[in-house]
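Chains, contacts and geometry: an overview
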Amino acid sequence: MADQRPLASVSLDLDNLWSYMKTHGDAGWESRPTYLPVFLPPVLDALDRLGLRITFFVVGVDAARAENAAALRSVTERGHEVGNHSFEHEPWLHRYPREQLEREIADAEEAIVGATGQRPIGFRGPGFSWSADLFEILLDRGYLYDASTLPTFLGPLARAYYFWTAKLSPEDRAERAALFGSVRDGLRPIKAYRWRMANRRTLLEIPVTTFPGIRTPFHLSYLLYLSRISERLMLGYLRAAAAACRLTGTQPSFLLHPLDLLGGDQAPALAFFPGMDLTGERKRELFHRVLTVLGEYFTLVNMSTHARSLDTRSNLAVRKPEGAPSAGNGPKAM
Ligand SMILES: [Zn+2]
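Residues numbered from 1 in each chain as written. Predicted model: local features only at pLDDT ≥ 70, side-chain atom pairs only at ≥ 80, totals over all residues. Heavy atoms only, no water.

The helix and strand tally for the protein chain stands at 13 helices and ten strands. Within the protein chain, the fraction of its 334 residues that count as buried is 56%. Long-range contacts, defined as pairs at least 24 residues apart, comprise 76% of the intrachain contacts of the protein chain with a sequence gap of at least 6. In the structure as shown, the protein chain presents an accessible area of about 13900 Å², 54% of it carried by carbon and sulfur atoms. (Helix = DSSP H or I, 4+ residues; strand = E, 2+ residues; numbered from the N terminus. Buried < 20%, exposed > 50% of the residue type's maximum accessible area, 1.4 Å probe, protein only. Contact = heavy atoms within 4.5 Å. Areas by Shrake-Rupley, 256 points an atom, 1.4 Å probe, with all protein chains shown as cover.)

Put into C-alpha cells, the structure is as follows:
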C-alpha cells in the first residue's frame, strides 16, 4: 500500500552554549564554551530509534572550532543534512552591510563543509532574521531554500520575556530591539511559498509551521512548556495542530532546539532557561512521544527532501520580500 501521509520536515537549530550566554548577556561567552560533544551523541541515538533523518542548522563559528569537529562530523556520517545557520549567530544580521552579510554566509558555508563534508543548500537566520539582500546572496550561492520565517503573533511576547530576563546595556538593547519579529510577522503565510527577487529569480521559503488559523507555535519548546501543565494537554494540542495542518493542506516544518533535548544535568550554565530542571533523559522521552505522534500524520523527512518536493509545485504563492525585520528603519521601540 502506498504511503498516503503528506510530507513534513524536521530540523534542529544547533545553537550552542556560548550563543545562549551571549544573547543573555553572560560573561565568558567569548571563549565559545560548547556543549556539542555531549549534546549530539544522545540526540543522534534518539533519532536512530525513531528512524529519522533530519536537518541540523549549524553555526559557522562552531564548525570552525576543533573541539566540535568530531561531533559535527558524526551528524553527516549518520545520514543527516546540515544547513547554514550563519557564522556568528547574531540575530541582527539583517542589519549588516551587504559585504559583511556575504562574508557571513560564505564563511559559515566554508566552515560547515570543512567540519561535515557537506555543502549546505538551506539557510535559517538566527532569531528568524532575514532580508532581501540575504535572499539574493543565497540565490547567488545556489541555495535551494530559506527557512527563516516564523509566522506567529507570539514573537513580541518572546521579546518581552527575553528583555525581562537578560542583563543588557542600553546599547545592547537597541541592537537587539528587532529580535523575534513583529506583529507583522504573524501575518506571513504558514504554507511554503516563493520569494520574488530581481531578474525573475525566486527562492523557496519554508516557514516554521504554526497552528493554522490561530497561529500559535507548535514547535517542541512550546510543546514542552505545555507538558509542564500536563502531558495529555501537550499531546492533545499536538494532535489538534497536526489535524489542522492536514485539513488545510499545510505540510509542516517542525522545529527543534537543543534545550528541548538537553537536560539541566548536561548544561548547568543554562539553569535560568525555562524547562532546564528536566533531565536530558526525560526530554528525549517526550521528544520520542511527540515525533511518534507527528509521524502518524506525516511522513517525516529532512528539509532538503521537503524542499525538493515543494519546489516541483507550480501553485506556490509568490511574495515580495518586504517588511524584513530591519527594513532600514533602525531599532524599534519596545
Ligand atoms: Zn539559532
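Look at helix H9 (residues 220-229) against helix H12 (residues 280-297): their axes get within 11 Å of each other, and the N-to-C directions meet at 110 degrees. Taken together, the axes of H9 and H12 lie roughly perpendicular to each other. Here H9 and H12 pass one another in a crossing that is right-handed. Within the contact between the two elements, H9 uses Leu220, Leu223, Leu224 and Ser227 and H12 uses Leu286, Phe287 and Val290. Classifying every residue of the contact of H9 with H12 by side-chain character gives six nonpolar, one polar and no charged. (Axes fitted to C-alpha atoms, helices over the stretch in contact; angles between N-to-C directions. Parallel < 35°, antiparallel > 145°, perpendicular 65-115°, else oblique. Left-handed = near helix turned anticlockwise from the far one by under 90°. Nonpolar A, V, L, I, M, F, W, Y, C, P; charged D, E, K, R; others polar.)

Time to look at the pairing of strand S8 (residues 253-256). Burial along S8 is two-sided: the residues Ser253 and Leu255 and Phe254 and Leu256 are all buried. Strand direction decides the pairing type here: strand S1 (residues 7-13) and S8, joined by four bridges, are parallel. Directly across from Ser11, in S8, lies its bridge partner Leu255. (Pairing = 2+ DSSP bridges.)

What follows covers helix H6 (residues 132-140). Taken residue by residue, H6 has Leu134, Phe135, Glu136, Ile137, Leu138 and Leu139 as its buried positions. Buried residues in H6 make contact with helix H5 (98-116), strand S4 (122-123), strand S5 (145-146), strand S6 (193-196) and strand S7 (202-205). After H6 finishes, the residue Gly142 shows a positive phi value of roughly 80 degrees.

What follows covers the environment of Gly323. Relative to the assigned elements, Gly323 resides in the segment after strand S10 (317-319). In this structure Gly323 comes out as partly exposed when scored by relative accessible area, which is 24%. Through-space distance from the C-alpha of Gly323 to that of Ala132 is 9.4 Å; in sequence the pair is 191 residues apart.

With that out of the way, let us pick up unusual backbone geometry. The phi angle at Phe128 is positive, at roughly 60 degrees, despite the residue not being glycine. For Phe128, the location among the structural elements is in the loop between S4 and H6. Look at Asn199: it is not a glycine, yet its phi comes out positive at around 55 degrees. Secondary-structure assignment places Asn199 in the loop between S6 and S7.

The next subject is the nonpolar core. Across soluble globular proteins, nonpolar side chains have a tendency to be buried as a group. Leu12, Leu14, Tyr35, Phe39, Leu40, Phe56 and Phe254 are the most contacted members of the largest nonpolar core, which totals 63 residues. Apart from residues no more than four positions distant in its own chain, Phe56 is found in contact with Leu12, Leu14, Leu40, Val43, Leu44, Leu47, Val75, His80, Glu81, Val82 and Gly83. Counting 17 residues, the second-largest nonpolar core is a separate cluster that includes Leu93, Ile105, Phe123 and Phe135. (Core = buried A, V, L, I, M, F, W, Y, C linked by side-chain atoms within 4.5 Å.)

Our next topic: the coordination of the zinc ion. Within the protein, the zinc ion binds to Asp15 (OD), Asp15 (OD), His85 (NE2) and His89 (NE2); these donor distances fall in the range 2.0 to 2.7 Å. One can describe the site at the zinc ion as irregular: its four donor atoms subtend angles covering 53 to 136 degrees at the metal. Read from N- to C-terminus, the donor residues coordinating the zinc ion fall into the pattern D-x69-H-x3-H. Residue His89 is classed as buried on the basis of its relative accessible area, which comes to 9%. (Donors = N, O, S within 2.8 Å, 3.2 Å for Na, K, Ca; no water. Tetrahedral: all angles 85-135°; square planar, octahedral: opposite > 155°, others 65-115°.)

Turning next to the confidence of the model for the protein chain. Scored by pLDDT, the protein chain has a mean of 88; 86% of the residues are at 70 or more. Long-range and interchain partners of residues 326-334, a stretch whose pLDDT sits below 50, account for twelve contacts in this model, where long-range means more than four residues apart. (pLDDT = per-residue confidence, 0-100.)

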